[in-house]
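# A closer look at the structure
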Protein chains: 2
Amino acid sequence: MTHVEIPKNYKPLNNETLIDFINGKENLKEIINSKQELKITEVGDGNLNLVFFADSENKSICIKQPLPYVRVLKDWPLTLKRSFFEFEYMKIHSAHVGHLIPKIYDYDKDFCTISMEKLSPHAIMRQGMVKRIKYINFAEHITEYLSKTLFFTSDLYLKAKVKRKYNVVFADNIELCKITEDLVFTEPYIISVRNRWTKPYLNKIKIEIENNTELKIAVNRLKLLFLTKTESLLHGDLHTGSIMCTLKDTKIIDPEFAFYGPMGFDIGALLANLLISFFSQDGHDIKKGDGEIYKKWILETINNVWNSFELKFLNLWKSNPNGDVFSSVFFNAKEEIDVENERKIFLKNIFHDSLGFAAAKMIRRIFGFAHNIDFELIKNEKIRAQCETKCSSLAIKMMVNAKEYENIEALTEDVIKFNTSD
Amino acid sequence: MTHVEIPKNYKPLNNETLIDFINGKENLKEIINSKQELKITEVGDGNLNLVFFADSENKSICIKQPLPYVRVLKDWPLTLKRSFFEFEYMKIHSAHVGHLIPKIYDYDKDFCTISMEKLSPHAIMRQGMVKRIKYINFAEHITEYLSKTLFFTSDLYLKAKVKRKYNVVFADNIELCKITEDLVFTEPYIISVRNRWTKPYLNKIKIEIENNTELKIAVNRLKLLFLTKTESLLHGDLHTGSIMCTLKDTKIIDPEFAFYGPMGFDIGALLANLLISFFSQDGHDIKKGDGEIYKKWILETINNVWNSFELKFLNLWKSNPNGDVFSSVFFNAKEEIDVENERKIFLKNIFHDSLGFAAAKMIRRIFGFAHNIDFELIKNEKIRAQCETKCSSLAIKMMVNAKEYENIEALTEDVIKFNTSD
């Protein structure tokens, strides 16, 4: 079992000790600026951490503290250093997407806490999507986030010196990466005690997955990319549970899985979770077909996410040819057509990576350890299994044939086909 | 200008202080085991470091010490930490290829020295090849070296945890990587004061290179691989000047450029330098055609290097399916044919990477900052230029069309064609 290093003064905080913690920090006291007693609430509903809200009359802060184990599974030790990676990720990206992440007030090395803006009235996007809320500005915001975080930490923009230094820091986020390596890229494809699925309905597909050589080769190719392609500083866990929304605002949270990896992994995580939401909608119908309009919105959003990401990324690249590759020192104005063509080839590869990673993320949420409320809230197991069957059948095709999708519309057309098949 | 961190007690050694240095170390004294005075010789003929031999009656050691600048260019500061990376590289690889590198006796953190076996009667392979010495065991040795160093530090063999830790160490070898990024992947393709070439004969090709958009896109793709593909722990500078040979023995030295990068970069460096030697031979003829037999041997060696590397790598992979990708947990015996096919696809990609990187290395030695004696010793500039023209013309084709070479024989056939063209 992994040995977790614990800073000497580390203690898990509670509603009482948190008040002393805040009062011991001038920067936090100043934000809260309260003469009255603080109201403390522990709201961590995730799998990993303690999350506290501290509210005064008119100011609030959110304090996130890791525990030296996985919260839902206490015999699974997990490094406290994950909050360091989360903090470093936010620090690096705040220059470009500060308005799309919570404001950071404090990082405490002893308690491993991150103190930040309490997001209100934001809701977890996944929960909103179960309620069929149309986040009409979401695609605009997330594509700004994706294009800027991925471009500005890539070798297309950074000098190699800066990028390699970042990689020295994040290559050490070994334990969190291992969770992904095991839960996303390995266990769903083999027999593992941590797997679960809607039995007995999905037994047949589970066995098909274990015996599909092409699929297993494809997932190993993706795993190899995850292990070897240090393309950009990724969020590493960019599903709809790591996004908080209002109708007007979008904030990305929880980047503790941050590492230098393939761009398509973040994009794929997002696409996967939008697709999961899509395939879950029929299971949430009260009257058959009452989710049709919402499903249509999801597919439009998926199309927008890729197309708008691609456009924004291309524009950033074109306007900032300052990195150590494809930089302006190599090319003159007459060569722009060819360079632009090369940029499009690059983006086409990212698109195919993204579809592969999306597929891996879809399969792990149906056959692996951690599932999503999108499907889990469908009480009727037979109906849930129907949704999950369609979703995983598409995922299998996406992973094996990623390169055959010419564009995102080809994918969303396939989504409709797979969803209407019975 | 870069600031070079210098350990407090660091001093460049000289013939006198080296004796005190050795006498201050029990481990070195024990090896030398001398009652008489040591004979000290400084033999560093490379561009970067001091290299001393300390000889007693019947024992010798070699002590390598970096200087805080590039030896041939004192106003180019360079980190002393490079000896740390060299030492770490040798430590990691010694488990598998210890017999193909010098024995390491000591690493001194203050003086940044590596004390190691003095290789005797070995000669620098490049020098031997100018003298047309056939190193008949070389292909056998170097393919063992390449296959083992590249396989055993890849994700095909290592657990991700170990590999990521190695990467934390080597991602920091920023300054040495930058030398490659600038001298190999950038400057030859643009106007740069550090470039030089055989003027005026090669002026036309130099301008063609600067204006060849396809080529510049290709070299940027390679540079991106160099920056982002953390595939194996590479030597990083595996030319024939980093190899010492006798007819029976081969030793690889000078891995201070070590970093996690694409496998094809080490293989390509080697292929490039064999090709450079080939194209230089006509320039060393005393009587026209007297190098034909040697040239034939070089081409056979090139074919052997790739084919034997591929075979050995495939066998290592097949016998050690224990890493975190393509491991035996995914596949059963019936799937072996498909897995073996996938291994071959993987090796085909490495082959194409290798040809691209080889081309980059050939071009940099003809148009960039640092040249090789293979061409430089050809006194007649017109003849040298003829050799360099053929070599660089092939390199341009190799870089742009790497993927069109089906196998190494297709390349060596092209070598003959380019060499006989006038």
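Look a little higher up for the structure.
Bear in mind that the values here come from a model prediction, so they are computed numbers and not experimental data.

## Overview of the interface of chain B and chain A
Each side of the interface is counted separately: chain B has 46 residues, and chain A has 46 residues. For the pairing of chain B and chain A, the buried interface totals around 4100 Å² over both sides, and the portion due to carbon and sulfur atoms is 61%. Linking chain B to chain A there are eight salt bridges. Between Arg164 of chain A and Glu181 of chain B there is a salt bridge whose closest N-O contact spans 2.7 Å. Elements with a minimum of two residues in the side of chain B that touches chain A: helix 6 (160–170), helix 7 (174–183), helix 9 (213–228) and helix 12 (336–367) of chain B. Here the side of chain B that touches chain A gets 11 residues from one element, more than from any other, and that element is helix 9 of chain B. Residue classes in the side of chain B that touches chain A are distributed as 22 nonpolar, eight polar and 16 charged.

## Thoughts on the relation of the copies chain B and chain A
What relates the two chain copies is a rotation about an axis together with a slide along it. Rotating chain B by 180 degrees about the axis while translating it 0.0 Å along that axis superimposes it on chain A, leaving an RMSD of 0.0 Å. Taken together, the turn and the small shift mark the pair as related by a two-fold rotation axis. Mapped onto chain A, 100% of the interface residues of chain B are again interface residues, and the two copies thus contact each other with one and the same surface.

## With respect to the side chain of Ser277 of chain B
Among the secondary structure elements, Ser277 of chain B is positioned in helix 10 (residues 263–284). Beyond its immediate stretch of four places on either side in the chain, Ser277 of chain B contacts Met129, Ile298 and Asp374 of chain B.

## Brief notes about the pattern of salt bridges
Close approach of charged atoms allows side chains of opposite charge to pair. Throughout the structure, instances matching the rule amount to 76 salt bridges over all chains. Notably, a salt bridge pairs Glu335 of chain B with Lys216 of chain A, separated by 2.9 Å at the nearest N-O pair. Remark: Lys216 of chain A occurs in helix 9 (residues 213–228) and Glu335 of chain B occurs in the loop between helix 11 (292–319) and helix 12; the pair is interchain, linking two chains. Exposure class is identical for Glu335 of chain B and Lys216 of chain A. Each is buried. Of the charged contacts, one joins Asp249 of chain B and Lys251 of chain B as a salt bridge, the two residues approaching to 3.0 Å between their closest N and O atoms. Here Lys251 of chain B falls in the buried class, since its relative accessible area comes to 8%.

## A closer look at the pairing of strand 3 (residues 60–66) of chain B
All names here are of chain B. The element strand 3 is largely enclosed, with a buried count of six among its seven residues. As paired elements, strand 2 (residues 49–55) and strand 3 share seven bridges and run antiparallel to each other. Of the residues in strand 3, the one forming a bridge with Leu50 is Gln65. The hairpin formed by strand 2 and strand 3 contains four residues between the paired strands. As defined by bridge partners, strand 3 adjoins strand 7 (residues 113–117) across four bridges and the pair is classed as antiparallel. Bridging across to strand 7, Ile61 finds its partner in Glu117.

Conventions adopted
Residues numbered from 1 in each chain as written. Chains lettered and ligands numbered in written order. Predicted model: local features only at pLDDT ≥ 70, side-chain atom pairs only at ≥ 80, totals over all residues. Heavy atoms only, no water. Contact = heavy atoms within 4.5 Å. Buried area = accessible area lost by both parts, 1.4 Å probe. Salt bridge = Lys/Arg side-chain N within 4 Å of Asp/Glu carboxyl O. Helix = DSSP H or I, 4+ residues; strand = E, 2+ residues; numbered from the N terminus. Nonpolar A, V, L, I, M, F, W, Y, C, P; charged D, E, K, R; others polar. Least-squares fit on C-alpha atoms with pLDDT ≥ 70 in both. Buried < 20%, exposed > 50% of the residue type's maximum accessible area, 1.4 Å probe, protein only. Pairing = 2+ DSSP bridges.

By themselves, these observations are geometric and do not establish any function.
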